[in-house]
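Each chain, letter by letter, is given below.
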Amino acid sequence: MIRFEGVSFGYVKGRESIRDLNFHIEKGEFTALIGANGAGKSTISRLTNGLLHPTAGHVYLNGKDTLTTPSSKLAKDCGFLFQNPDRQICENTVKDELAFSMKVQGWPKDKIEERVKAAMEIFDLKPDWFPFSRSRGERQRIALAGVLACEPELLILDEPTTGLDYLECTRIMDYVTELNREKGITVLMVSHDMELVQSYAKRVLVLNNGVLMGDGPTEDVMKNTPLLKSARVLPAQIPELALRFGDTFRDIYTVDDMFAALAAKNKAEQEGGNV
Ligand SMILES: Nc1ncnc2c1ncn2[C@@H]1O[C@H](COP(=O)(O)OP(=O)(O)OP(=O)(O)O)[C@@H](O)[C@H]1O
Ligand SMILES: [Mg+2]
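So, here's what we can say about the structure. (Residues numbered from 1 in each chain as written. Chains lettered and ligands numbered in written order. Predicted model: local features only at pLDDT ≥ 70, side-chain atom pairs only at ≥ 80, totals over all residues.)

**A closer look at the sheet that holds strand 4 (residues 56–61)**
For clarity, the cut-off: Any two strands with at least two DSSP bridges between them are considered paired. Strands here are runs of E lasting at least two residues and helices are runs of H or I lasting at least four, both read from the DSSP assignment and numbered beginning at the N terminus. Our contact criterion uses C-beta atoms placed from the backbone: two residues qualify when those atoms are within 7 Å. Convention adopted: a line fitted to C-alpha atoms gives each axis, helices being fitted over their contacting stretch, and angles between N-to-C directions are expressed from 0 to 180 degrees.
Spatially, 2-1-4-5 is the arrangement adopted by the four strands of the open sheet, whose pairing is antiparallel. Edge positions in the open sheet fall to strand 2 (18–25) and strand 5 (64–65), since each of these has one partner strand only. Pairing analysis gives five bridges linking strand 1 (residues 2–9) to strand 2, with the strands arranged antiparallel. Counterpart to R3 in the pairing with strand 2 is H24. The strands touched by helix 1 (residues 41–48) within the sheet are strand 1, strand 2 and strand 4, with strand 1 carrying the most contacts at an inclination of about 120°.

Structure, rendered in C-alpha cells:
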C-alpha cells in the first residue's frame, strides 16, 4: 500500500528533514508514526499523499510512484485528515462540505447524495449546520466524515484527537478502528499521545530527526522505553510505571495487567511471601 524506498527530503537545500527512509506498509494495517516535535511525521504524511516529492528515492502509493502520478489521482486512494479541521473545512454547510471532495473527484450526483446522507447518519451531523460555528469535536467529525465519504483505501490521520475530549476521541477512533477491521482500510496515524497509540495501533514506526529508529508491533515498541527515550518520546503511563517498579513488573503493558500484578503482589505480601 505504502512503500518508501531510500527516501530523503529537505524543505531547505542542504538540510534534510527526512533521511534515507525505508519502510513498507501493507494494505489493512493500522500503523502509528511517533516522534518528537520536528521529527518529520507530518512530512512523511505529505510525502505519502504526493503533496511533497522526495528529493532522493521513491514513494509508492498503491504501486504508483508519487513523482510521476498527479496528486489528483493519488487523492482517490488516500484520504487525509489534517491536524486542524479548520484547515480542511471550506464549505458553509455540512452537506456541501461532505460532498466537496466527491464533487472534485467527479463522483455521480446520485452516489454523492447517497454517501453524504450515510456519512451524516454515521457521524450524527445535521445537513444545514454552519461548520465553523460548531464545537471542536463536531468540526473534527465533519472533516473526518468528508474524508471518509470518498471511501479512500488509505486514511492518514495527523494528530486526529488533538483538542478533543475523551468521549469525542473514543467516538472517532472507534469508528476508524471499525473501518480498519470491517472494510480493511489502511490507517496511518501520526500522534504524540502514547495512550492513543497503545489503544489503537497494531504497529509503530519511531522517528527521530528524520531517521527511522524503530519499527515493530505496538506492544514491543511501547515496552522499549530506551528506544522511546532516545527518540525523545514520553512512554505511555503504564509501561513507564512498570519500569519504575523494577524487574518484576517488566512485561506489564496494560491497565488490567498492572492491576492484576499489584493485586498478586499485595496478596503475596499479606501471606508473608515475596513476588
Ligand atoms: N514548510 C516548511 N519549511 C521549512 N522547514 C519545514 C517546513 N515544515 C517543516 N519543516 C521542518 O522539517 C522538519 C520536520 O517537520 P515536520 O512538520 O514533518 O515534523 P513533525 O514530526 O510533524 O513535528 P510536530 O510534532 O511538531 O508536528 C522540522 O525540522 C521542521 O522545522
Ligand atoms: Mg506534524
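**Comments concerning helix 5 (residues 136–149)**
Our working rule: Between the first and last residue of a helix there are one fewer steps than residues, each counted as 1.5 Å, and that sum is the expected span. Buried residues are those with 20 or more other C-beta atoms within 10 Å of their own C-beta, exposed residues have 12 or fewer, and partly exposed residues lie in between; C-beta atoms are placed from the backbone.
The first and last C-alpha atoms of helix 5 sit 20 Å apart over 14 residues, in line with the 20 Å expected at 1.5 Å per residue. For helix 5, the buried fraction is high: eleven of the 14 residues fall into the buried class. Listed as buried for helix 5 are R139, Q140, R141, I142, A143, L144, A145, G146, V147, L148 and A149. Where helix 5 is buried, its residues touch strand 6 (78–81), helix 3 (94–104), helix 4 (109–122), strand 7 (154–158) and helix 6 (166–183).

**Notes on the sheet that holds strand 8 (residues 186–190)**
Strand order across the open sheet formed by six strands is 6-7-8-3-9-10, with mixed pairing between neighbours. A strand with exactly one partner marks an edge of an open sheet, and here the two such strands are strand 6 and strand 10 (211–217). Ignoring strand direction, the axes of neighbouring strands in this sheet form an average angle of 15°. In this structure, strand 7 lies alongside strand 8, joined through five bridges in parallel fashion. Of the residues in strand 8, the one forming a bridge with I156 is L188.

**Side note on the site of ligand 1**
As a reminder, the rule being used: Placing the C-beta atom from the backbone, one calls a residue near a molecule or strand if that atom lies within 6 Å of it. All amino acids are sorted into three groups, where Ala, Val, Leu, Ile, Met, Phe, Trp, Tyr, Cys and Pro are nonpolar, Asp, Glu, Lys and Arg are charged, and the leftover types, Gly among them, are polar.
All residues in the neighbourhood of ligand 1 are listed as Y11, V12, S17, G35, N37, G38, A39, G40, K41, S42 and T43. Looking at the shell around ligand 1 residue by residue, the classes come out as three nonpolar, seven polar and one charged.

**Things to note about the environment of F100**
Along the chain, F100 falls in helix 3. On the basis of neighbour count, F100 is assigned to the partly exposed category, with 19 C-beta atoms found within 10 Å. C-alpha separation for the pair F100 and E269, spaced 169 residues apart in sequence, amounts to 63 Å. Those residues in contact with F100 that sit more than four places away from it in its chain are C90, E91 and G146.

**Digging into the packing of helix 4 against helix 5**
Put simply, the rule is: Throughout, the term roughly parallel applies to angles under 35 degrees, roughly antiparallel to angles over 145, roughly perpendicular to angles from 65 to 115, and oblique to all others. Should the near helix be turned counterclockwise from the far one by less than a right angle, the crossing is left-handed, whereas a clockwise turn marks it as right-handed.
Here helix 4 crosses helix 5 at 140°, and the two axes come no closer than 10 Å. The angle between the axes of helix 4 and helix 5 places the two elements in the oblique class. Our pair here, helix 4 against helix 5, has a crossing hand that is right-handed. Of the residues in helix 5, those in contact with R115, V116 and A119 of helix 4 are A145, L148 and A149.

**Notes on the packing of helix 3 against helix 4**
Where helix 3 contacts helix 4, the axes come no closer than 9 Å and their chain directions differ by 130°. On the basis of their axis angle, the class for helix 3 and helix 4 is oblique. Seen from above, helix 3 lies across helix 4 with right-handed handedness. Only I112, R115, V116, A119 and M120 of helix 4 make contact with helix 3, whose side of the interface consists of V94, K95, L98, A99, M102 and K103. Partitioned by chemical class, the residues of the contact of helix 3 with helix 4 number eight nonpolar, no polar and three charged.

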